[in-house]
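Letter by letter, the chains look like this.
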Amino acid sequence: MAGNSTGYGPSRFQRLVFSGNPDDYEIWETKFLAYLRTQKLKSVIVEEAPTEPAEAVASYNSKNEEVYAELVQCLDDKSLGLVMREADNDGKKAIGILRAHYQGNTKPRIVSLYMQLINIQMEKNENVTSYIIRAEKIIGTLERAKEVPSEKLLISILLKGLPPTYRQLSIHVTQSSEDISLSKFKVALKGFEETDCFESHVSPKEQGEDTILKVADRKSCYGCGSTQHLVKDCDQADKMCKYHKGAKHFEKDCN
């Protein structure tokens with residue numbers, strides 16, 4: 001595997017080295033298979049091994065050994081330890097072992113993934129897009145392991161991981177009589193972040209965690225902004241501006 005001799009940026013070899021992190025496996029394998037294709041070796045992984053004629057079998061075995069030689073250069077020590085004894089010089093079998101280990105559906109791994117998902121929290125200064133991507137990465141891994149959490153559960157988990165500044169949105173979602181889909185929830189979450197409704201909860205003059213909590217704890221309606229009732233009791237919510245999703249003006253007055 002040739003490296004980059006220009007001195008600019010990581011070499012191709014460095015970009016193909018697996019980190020050993022299970023969360024990175026799917027992307028790494030995609031890159032590695034793409035590399036094998038450039039070396040005319042991908043067919044070894046994606047096609048069945050021939051049983052005849054002898055020339056085809058010999059050619060396949062030779063290429064399979066080449067795949068293994070390329071693979072071991074791209075693995076961390078732990079991953080190499082998984083394959084070096086069970087699949088020595090067998091690239092296709094080695095890839096199968098790695099897939100089973102990093103993308104399998106064993107009970108401990110499933111439990112670990114659910115724990116990661118349940119405990120996910122939006123980090124300080126993190127935006128909604130990044131938060132959702134982190135969650136979807138775990139969700140995707142669960143789905144590939146034949147575990148499909150319900151959309152209601154996923155929405156609840158995402159709501160739980162939001163900071164207090166999103167309390168108004170949480171109230172709106174939990175009190176709404178409408179069954180909201182996960183895709184619609186993500187749109188609402190992104191929209192809430194981008195509107196002045198979100199910014200108005202904590203102004204630049206208000207500082208400190210205590211202030212944020214006080215602002216978030218105010219009893220207020222997500223529909224019209226009143227502090228006298230909740231959205232479930234609001235008779236103005238359906239008249240507010242749907243474009244800005246805020247509590248600043250009615251839809252008929254929107255410019």
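Data block above holds the structure.
No experiment lies behind these values; they were computed from the predicted model shown. (Residues numbered from 1 in each chain as written. Predicted model: local features only at pLDDT ≥ 70, side-chain atom pairs only at ≥ 80, totals over all residues. Heavy atoms only, no water.)

A.B. asks: Mind showing me how you'd approach the packing of aromatic side chains here?
C.D. replies: The geometry of an aromatic ring pair comes down to the distance between the two centres and the angle between the two planes. Counting across every chain of the model gives seven aromatic pairs. Ring geometry for Phe18 versus Tyr102: centroids 5.0 Å apart, planes at 80°, classification edge-to-face. Of this pair, Phe18 sits in the loop between α1 (12-16) and α2 (25-38) while Tyr102 sits in helix α6 (residues 91-103), and the two are 84 residues apart along the sequence. Considering the side-chain rings of Trp28 and Phe32, the 5.2 Å spacing of their centres and the 15° angle between planes classify their relative orientation as stacked. Of this pair, Trp28 and Phe32 both sit in helix α2, four residues apart, roughly one helical turn. Looking at Trp28, the relative accessible area reads 4%, which means it is buried. Ring pairing ties together the aromatic residues Phe18, Tyr25, Trp28, Phe32 and Tyr102, which thus form one cluster. (Phe/Tyr/Trp six-rings, centres within 6.5 Å; stacked < 30°, edge-to-face > 60°. Helix = DSSP H or I, 4+ residues; strand = E, 2+ residues; numbered from the N terminus. Buried < 20%, exposed > 50% of the residue type's maximum accessible area, 1.4 Å probe, protein only.)

A.B. asks: So what exactly am I meant to see when it comes to the pattern of salt bridges here?
C.D. replies: Should their charged atoms come close, side chains of opposite charge can pair. Applying the stated criterion across every chain, the model contains five salt bridges. Arg134 is the salt-bridge partner of Glu126, the closest N and O atoms lying 2.8 Å from each other. A residue is classified by how much of its surface remains accessible, and Glu126, at 12% relative accessible area, is buried. Take Arg134: its relative accessible area is 28%, and that puts it in the partly exposed class. (Salt bridge = Lys/Arg side-chain N within 4 Å of Asp/Glu carboxyl O.)

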